[in-house]
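Observations on chain architecture
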Amino acid sequence: MGKLRGRQLCQIILTIFMLWNSLGSEMVAVAGVRSQSEDILCTLIHQTEYPRDCKEVSDTYFASQPASGVYFIQPDAYPEPFEAYCDNDLDNGGWTVLQRRELDSVNFNRTWEAFKNGFGFLGSEFWIGNDKIAFLTNQKHYQMRLEFENVAGLAFFITYDKFRISDEWGQYALFSIGAYSETGESFLEWCPRNEIFSSETCERSCEDPDTCLSSSFRTEQEKCVCVGDFLIQGAACIPRSQCNCFVADKGDLLTHDESYVNSSCTGRFTCRNNHLVIEDLHRCSDDATCDARDGVNICQCIDGYEGDGVTCERLPMDCYDLYVDGIRNDGVYTIYPDGWLNGIQAYCEMTSNGGGWTFLQRRSSASVDVYRTWDEYKNGFEHPSRDHWLGNDYIHAITNQKTYCLRIDLIDSTHTSHYALYSSFSITNEADNYRLSVGSFSGNTRHNAMQNSNNQQFSTHDRDNDDWSRYDCAEGHRGAWWFSGNHHCRRDNSTDYCMANCRYCNMFRDGNDDCVLCADAHLNGVYGEYNENVQGKNIFWAGIKMAAAYNTQR
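Residues numbered from 1 in each chain as written. Predicted model: local features only at pLDDT ≥ 70, side-chain atom pairs only at ≥ 80, totals over all residues. Heavy atoms only, no water.

Some words on the confidence of the model for the chain
For the chain, the mean per-residue pLDDT works out to 82, and 82% of the residues sit at or above 70. Taken element by element, the chain is modelled with least confidence in strand β1 (residues 3-4), mean pLDDT 24, and with most confidence in helix α5 (residues 374-379), mean pLDDT 98. When the criterion is pLDDT under 50, residues 1-48 qualifies, and its contacts beyond four places in sequence or with other chains add up to 163 contacts. (pLDDT = per-residue confidence, 0-100. Helix = DSSP H or I, 4+ residues; strand = E, 2+ residues; numbered from the N terminus. Contact = heavy atoms within 4.5 Å.)

Right, here's the structure in full:
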C-alpha cells in the first residue's frame, strides 16, 4: 500500500453535442464533469484489474499520453468492465465521456430503461447509461465539464466542480454539481425559466391562449421564447396548467368571459381578468344526469321527467297524474307511460266518478269497424276523442307501472246505465299475448261477466289464442277479446237441446248441432241491438241488452 501527496485530478467529461437546427442556425454544446482535490492525501487500498475511469487509463501510460478512443473501465463495485470513450486531447486528457450529441443520428427520445443502460455508439452519438454514471460519480470527487460549439466554430465551455448522481433507487437524482465557472467570453445565453432558445415566432398568453402574439418585431433569428405548452402570464412563462383560468376538469384554459360548467354540473365558472370566478353553484336533481349537450355540461332530466335538470318533475304517467296536477277538463292529453318517451295521446275523464280515468276503449256508434287484425289492436286505432281502441302495447305499458282499477260503463237498449268495477286490472306483454288479469268485482251489472275472461290471452281473427281446438271465437264473434273455451253444449246435451237454448246474444251457432259460448262479455262486437241475424256477433254483457260501452281504467 502506497501514498500519493499533491494535486491529483480524477476527471470525467460529460460531452454533450446539442444540435439546434432552426432557420439554418445550429449550435453544438459540450458539457463535462471533473473532480479535483488539492493537497489531498489519497490512499490506494488495492489495484483493480481494470482502471476505474479514463483518468486512471491515462495514468497507466507513464511515458506518453494515450490516444483518445474506447477503453475498458470498471468503477468500484460495478459488476463487470465496460467500454467507455476516453478523451485524452482535452485539457491534459483523462476525461470519461458520458454523452455526445453532434449529428442527430441517434434518437434520444428514449425510455427509462434505455437511459438506465445506455444507448448509441461510442464512436459517434451515445448516452453511456445512468447506472454507469452513478457508479462512476460515487467512487471519487469529479468535475463536470460541458463543451459547446456553434456553427460558426466558436467553442466555449462551462464546468461544475462537483458532480454526483444517486442510484436508481434515488431516481438518479442530480445529487451535487458544486461551483459553476465558464469561459471568459461565454457565448452561452441562458433563457429564463420555462423558456427555450428558438426561432419560433408565436407566443401565447394565459389571458388569451387562442391568439398568437406577433413576434415580427424581433431582429434576432433566435431568442428566448415562451412556446409549446407554456404561456405568458405577466412577465413569467408558466405551464398552461398553472394559468389562473386553467380548468383541470376540462384540461384547457378559458378565454376572457368564457364560461364552463364542470363535469359534475355542480358549478359554473367564468374567466374574468385572468381569474376563474364562480358564477353559481347547484346540483342536479336526483332525477337528472349531468351530460354534455353541444359541448356544454348541463343537468338533464332523465326519461319520464321534465324541467331544467336542477328541478325535475315526473311527466304524467296517466290521466290520474294529470288530475292530481290540477287538470279538471275532459279531453285528449299526452301521457308518458314507462317506456314511451315521446308520450301517447289518451282521452281523460276528469269530471265523473272522481276524475282521473284513462279511456282504453269507447263504443258509441257503428261508425268504427272493430273487426280488426292483431297488429291493429296492438297499436290501437281511431282517435281517442272518438270511438277507439287505445292499443294493447299502450295498455300493457300503463297497467304495469302502477296498480290500476278498471271501470266499464254500459248503456243498454232502454238507455239505462250500468257499470262494473274491478279492484285491479293489467295485461301482460305481446310475448304472452296480452293475458288479462282482473281483481274482485263490484258494480250494478249484477253479473261478473269478466270472470271467465280472467287469465285468458287476447285473440283476434288472425291470431286465435282461445282455449277451443275447433272454434275461432274472434272469428265467430266478429271482434277481438279475451275469449275462453269453457262451454261446450254438445258435450253434455243433445243437439235439439243445444239448438233450442242457443238463443242468447253471447252465443253463436256452430253449424246445426252445437252452440258455442266464448265469453260472458264482449265489448268489441257489432254495434246495435240484438237480433237473430247477428246472434253472437253483438256487443254483449251477460244479462244486459247492450247499446254502448265505455272501458276505462284508473
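Overview of the pattern of salt bridges
Inspection of every chain in the model, using the stated rule, returns 25 salt bridges. Close ionic contact of D318 with K402 constitutes a salt bridge, the shortest N to O distance being 3.2 Å. Taken as a pair, D318 in the loop between β30 (312-314) and α4 (319-324) and K402 in the loop between α6 (392-399) and β35 (406-412) lie far apart in primary sequence, 84 residues in all. The partner of D432 in a salt bridge is R435, and the shortest N-O contact between them spans 3.0 Å. Of the residues examined, D432 reaches a relative accessible area of 24% and is grouped as partly exposed. On the accessibility criterion, R435 (24% relative accessible area) is partly exposed. (Salt bridge = Lys/Arg side-chain N within 4 Å of Asp/Glu carboxyl O. Buried < 20%, exposed > 50% of the residue type's maximum accessible area, 1.4 Å probe, protein only.)

So, the packing of aromatic side chains
In this structure the tally under the stated criterion is 23 aromatic pairs. Centre to centre, the rings of F108 and F119 are 5.1 Å apart; their planes meet at 70°, and the pair counts as edge-to-face. You can see F108 sitting in the loop between β8 (99-100) and α2 (112-117) and its partner F119 sitting in strand β9 (residues 119-120), a full 11 residues away along the chain. In this structure, F108 and F119 share a single accessibility class: buried. The structure contains a cluster of three or more aromatic residues connected by ring pairs, namely W374, Y377, F381, W389, Y434, F458, W481 and W482. The ring of F119 is capped by R110, whose NZ or CZ atom sits 4.4 Å from the centre of that ring. Here R463 stacks its cationic end above the ring of W374, 4.3 Å away from the centre of that ring. (Phe/Tyr/Trp six-rings, centres within 6.5 Å; stacked < 30°, edge-to-face > 60°. Lys NZ or Arg CZ within 6 Å of the ring centre and 35° of its normal.)

Quick word on the side chain of R100
Tracing the sequence through the fold places R100 in strand β8. Comment: no salt bridge for buried R100; closest opposite-charge side chain is E102, at 4.5 Å. Polar contacts involving the side chain of R100 include one to the main-chain carbonyl oxygen of S124, which spans 2.8 Å. (Lys, Arg positive; Asp, Glu negative; His and termini not counted. Polar contact = N/O pair within 3.5 Å; in protein donor to acceptor, adjacent residues only side chain to side chain.)

Quick look at the nonpolar core
Among the nonpolar cores identified, the biggest contains 48 residues, and I408, F425, M450, F458 and W541 are the most heavily contacted of them. The residues touching M450, leaving out its near neighbours within four places in the chain, are I408, Y422, L436, V438, W481, A521 and W541. The next biggest cluster of nonpolar side chains, apart from the first, holds 31 residues, and it includes V57, V106, F108 and Y172. (Core = buried A, V, L, I, M, F, W, Y, C linked by side-chain atoms within 4.5 Å.)

Here we look at the state of the cysteines
A complete count under the given rule lists 11 disulfides for this structure. Across the disulfide, C202 is cross-linked to C212 (sulfur-sulfur distance 1.9 Å). Remark: C212 occurs in the loop between β17 (202-203) and β18 (213-214) and C202 occurs in strand β17; sequence separation between them is 10 residues. Sulfur-sulfur distance for the disulfide between C301 and C312 comes to 2.1 Å. (Disulfide = S-S within 2.5 Å.)

Things to note about helix α3 (residues 130-137)
Burial of α3 is extensive: six of the eight residues sit out of reach of the surface. Taken together, the buried positions of α3 are occupied by N130, K132, I133, A134, L136 and T137.

Side note on the side chain of T159
Structurally, T159 is set in strand β12 (residues 155-160). On the basis of relative accessible area, T159 is assigned to the buried category, the value being 6%. At a separation of 2.4 Å, a polar atom in the side chain of T159 contacts the side chain of S181. If we ignore the near neighbours within four places in the chain, the residues touching T159 are Q143, M144, R145, A179, Y180 and S181.

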